[in-house]
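Topology and contacts: notes
In case you want the letters, here they are:
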Amino acid sequence: MDLLNTLVDKGLRRALPSREEALAVLATSDDDLLDVVAAAGKVRRTWFGRRVKLNYLVNLKSGLCPEDCSYCSQRLGSKAEILKYTWLKPDEASKAAAAGVAGGAKRVCLVASGRGPTDKDVDRVAKTIDAIKADNEDVEVCACLGLLSDGQAERLRGAGADAYNHNLNTSEATYGDITTTHTYADRVDTVQKAHAAGLSACSGLIAGMGESDEDLVDVVFGLRELDPDSVPVNFLIPFEGTPLAKEWNLTPQRCLRILAMVRFVCPDVEVRIAGGREVHLRSMQPLALHIANSIFLGDYLTSEGQAGRADLEMIADAGFEVEGADEVTLPEHRGGGCGSVCASDSGSGSGGAPVEVPEARTDLVTVRRRGAGTDVAPNA
């Protein structure tokens with residue numbers, strides 16, 4: 001397809017596709033889906049090799065949020081039966097983070113529900129960052145605390161935070177349909193505050209809220225303009241008890257097209273498959289690794305994720321490798337200094353070294369003791 005050749009060429013040059021090209025990716029047919037994935041995969045491998053960065057969420061404070069974000073199980077008025085608790089103590093948060101690091105996570109994301117942190121909250125998170133880094137010196141810490149006031153990003157940076165997450169979620173034109181207690185501009189302002197303070201900016205979107213293709217392209221182009229280092233792509237989890245509980249609009253194929261569009265528009269940033277991948281990508285998750293170079297390991301804020309071991313097996317089975325703590329995620333022109341790996345399309349994340357063959361999975365072999373030749377019903 002001429003479209004895909006054009007998008008690969010632009011991705012390798014970090015050139016911005018046109019809106020029409022981005023919309024055309026979302027409109028491709030299922031017959032062309034593998035071609036779309038392959039094209040986005042070439043861009044992904046050029047900048048990130050075959051490495052997959054693992055991130056781990058720690059929900060510092062769950063539920064009871066005063067904001068009315070329609071997609072959120074923690075929102076004001078939510079009837080979702082989620083865990084609700086106040087701030088974890090620093091040692092509790094550090095213990096939770098250690099589990100993710102032990103599983104291979106390179107970054108720990110500290111999240112707290114609420115409109116935004118008070119200065120006391122920032123002090124509390126600073127102590128938590130200290131505790132986590134005392135136990136795990138090399139781990140990256142990303143804070144996600146809501147809207148930031150002046151000076152708070154600088155204080156978090158001084159406390160040892162490496163990054164700050166605040167998602168745009170949806171297009172500016174439709175933002176008021178999703179949330180009324182703050183604005184799209186408020187979110188942009190917080191991302192800019194984080195960036196200005198020297199924090200690595202992390203900002204992404206939520207797909208599946210009933211938005212149009214034009215809305216998806218708008219928010220991704222808005223992200224490209226903000227230039228975050230990482231872009232999490234969430235797929236709506238329609239929690240019972242929230243206004244969007246009936247919004248089941250996604251298929252695995254659409255999720256892959258959305259990820260590919262994000263990769264083409266943001267070719268050299270960390271594209272992360274975030275919440276909802278198990279719900280909507282399902283058995284197509286390994287294909288998504290050919291587009292995205294980052295995932296969350298384990299559970300999310302209020303929902304359970306795929307087992308960590310299953311994630312690691314999926315990565316290995318798909319021919320990828322977990323990014324090590326000593327490897328820099330971003331390409332050198334983004335401040336990465338990752339050397340030949342980022343410019344390699346060799347099919348290996350180690351500068352051309354062969355991928356290690358995984359051990360035989362003899363534990364997956366189970367002798368049949370049902371069906372033909374037995375008195376037990378067949379598995380059908």
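All values reported here derive from a predicted model rather than from experimental measurement.

1. Things to note about the overall build of the chain
Per the secondary structure count, the chain includes 13 helices and 10 strands. Expressed as a percentage of the 380 residues in the chain, the buried residues total 56%. Carbon and sulfur atoms form 50% of the exposed surface of the chain, whose accessible area is close to 16600 Å².

2. Some words on the layout of surface pockets
Size it by volume and the largest pocket reaches roughly 390 Å³. Surrounding the largest pocket, 17 residues form its lining, N59, L83, Y85, Y300 and L301 being those nearest its centre. When residues of the lining of the largest pocket are traced back to their parent elements, those giving at least two are β1 (51-61) and α4 (90-102). Sort the elements by how many residues they give to the lining of the largest pocket and β1 lands first, with four residues.

3. Some thoughts on empty space enclosed by the protein
The full count for this structure, using the stated rule, is one cavity of 30 Å³ or more. Residue lining of the largest cavity: 42 residues in total, with Y71, C72, Q74, N167 and L301 positioned closest to the centre. For the lining of the largest cavity, the secondary structure elements donating two or more residues are β1, β2 (107-112) and β7 (230-235). Along the lines of polarity and charge, the residues of the lining of the largest cavity split into 21 nonpolar, 16 polar and five charged.

4. Some words on the packing of aromatic side chains
Inspection of the entire model under this criterion finds two aromatic pairs. For the ring pair Y175 and Y184, a centre distance of 6.2 Å and an interplane angle of 70° mean the geometry is edge-to-face. Taking the ring centre of F320 as reference, the NZ or CZ of R50 above it sits at 4.4 Å.

5. Some thoughts on the pairing of β7
In terms of residue burial, β7 counts as a mostly covered element, since six of its six residues are buried. Residue alternation in β7 divides its side chains into two sets, S230, P232 and N234 and V231, V233 and F235, and both sets are buried. As paired elements, strand β6 (residues 205-207) and β7 share three bridges and run parallel to each other. Of the residues in β7, the one forming a bridge with A207 is F235. This β-α-β element, β6 to helix α9 (residues 213-226) to β7, shows right-handed connectivity. Alignment of β7 against strand β8 (residues 270-273), held across four bridges, turns out to be parallel. Pairing of P232 across the sheet is with R272, part of β8. Taken together, β7, helix α10 (residues 252-265) and β8 constitute a β-α-β crossover, and its handedness is right-handed.

6. Overview of the packing of helix α1 (residues 2-13) against helix α2 (residues 19-26)
Viewed as axis vectors pointing N to C, α1 and α2 meet at an angle of 120°, and their least axial separation amounts to 11 Å. As far as their axial angle goes, α2 and α1 are oblique. Here α1 and α2 pass one another in a crossing that is left-handed. Residue-level contacts link L3, T6, L7 and K10 of α1 to E21, A24 and V25 of α2. For the contact of α1 with α2, the class distribution of residues is four nonpolar, one polar and two charged.

7. Some words on helix α5 (residues 119-135)
Spanning 17 residues, α5 covers 25 Å between terminal C-alpha atoms, matching the ideal 24 Å at 1.5 Å per step. Within the sequence span of α5, burial applies to D121, V122, V125, A126, T128, I129, A131 and I132. Tucked inside the fold, the buried residues of α5 contact β1, α4, β2, β3 (140-144) and α6 (152-158).

8. Focus on α1
Helix length check: α1 (12 residues) gives 17 Å between terminal C-alpha atoms against 16 Å at 1.5 Å per residue, within 8%. All buried positions along α1 are accounted for by L3, L4, L7, V8, K10 and G11. In a view along the axis of α1, the buried residues occupy a sector of 165°, so they form one face of it. Projecting away from the buried face of α1 at angles above 90 degrees are the exposed residues D2, N5 and R13. Looking at the packing, one finds that the buried side of α1 touches α2, α3 (33-48) and α10. Phi turns positive, to about 60°, at R14, one or two residues after α1.

9. A closer look at the confidence of the model for the chain
Per-residue confidence for the chain averages 90 on the pLDDT scale, and 90% of its residues sit at or above 70. Taken as a whole, residues 337-355 scores under 50 in pLDDT and shows 40 contacts with residues more than four places along the chain or in a different chain.

Reading the values: the criteria
Residues numbered from 1 in each chain as written. Predicted model: local features only at pLDDT ≥ 70, side-chain atom pairs only at ≥ 80, totals over all residues. Heavy atoms only, no water. Helix = DSSP H or I, 4+ residues; strand = E, 2+ residues; numbered from the N terminus. Buried < 20%, exposed > 50% of the residue type's maximum accessible area, 1.4 Å probe, protein only. Areas by Shrake-Rupley, 256 points an atom, 1.4 Å probe, with all protein chains shown as cover. 1 Å grid on protein atoms, 1.4 Å probe; cavity = no way out; pocket = protein on both sides within 12 Å on 5 of 7 lines; lining within 4 Å. Points joined across faces, edges and corners; volume = space filled by probe spheres on them. Nonpolar A, V, L, I, M, F, W, Y, C, P; charged D, E, K, R; others polar. Phe/Tyr/Trp six-rings, centres within 6.5 Å; stacked < 30°, edge-to-face > 60°. Lys NZ or Arg CZ within 6 Å of the ring centre and 35° of its normal. Pairing = 2+ DSSP bridges. Right-handed = clockwise from strand over helix to strand, strands pointing away. Axes fitted to C-alpha atoms, helices over the stretch in contact; angles between N-to-C directions. Parallel < 35°, antiparallel > 145°, perpendicular 65-115°, else oblique. Left-handed = near helix turned anticlockwise from the far one by under 90°. Contact = heavy atoms within 4.5 Å. Expected span 1.5 Å × (residues − 1). Arc of directions from axis to C-beta. pLDDT = per-residue confidence, 0-100.

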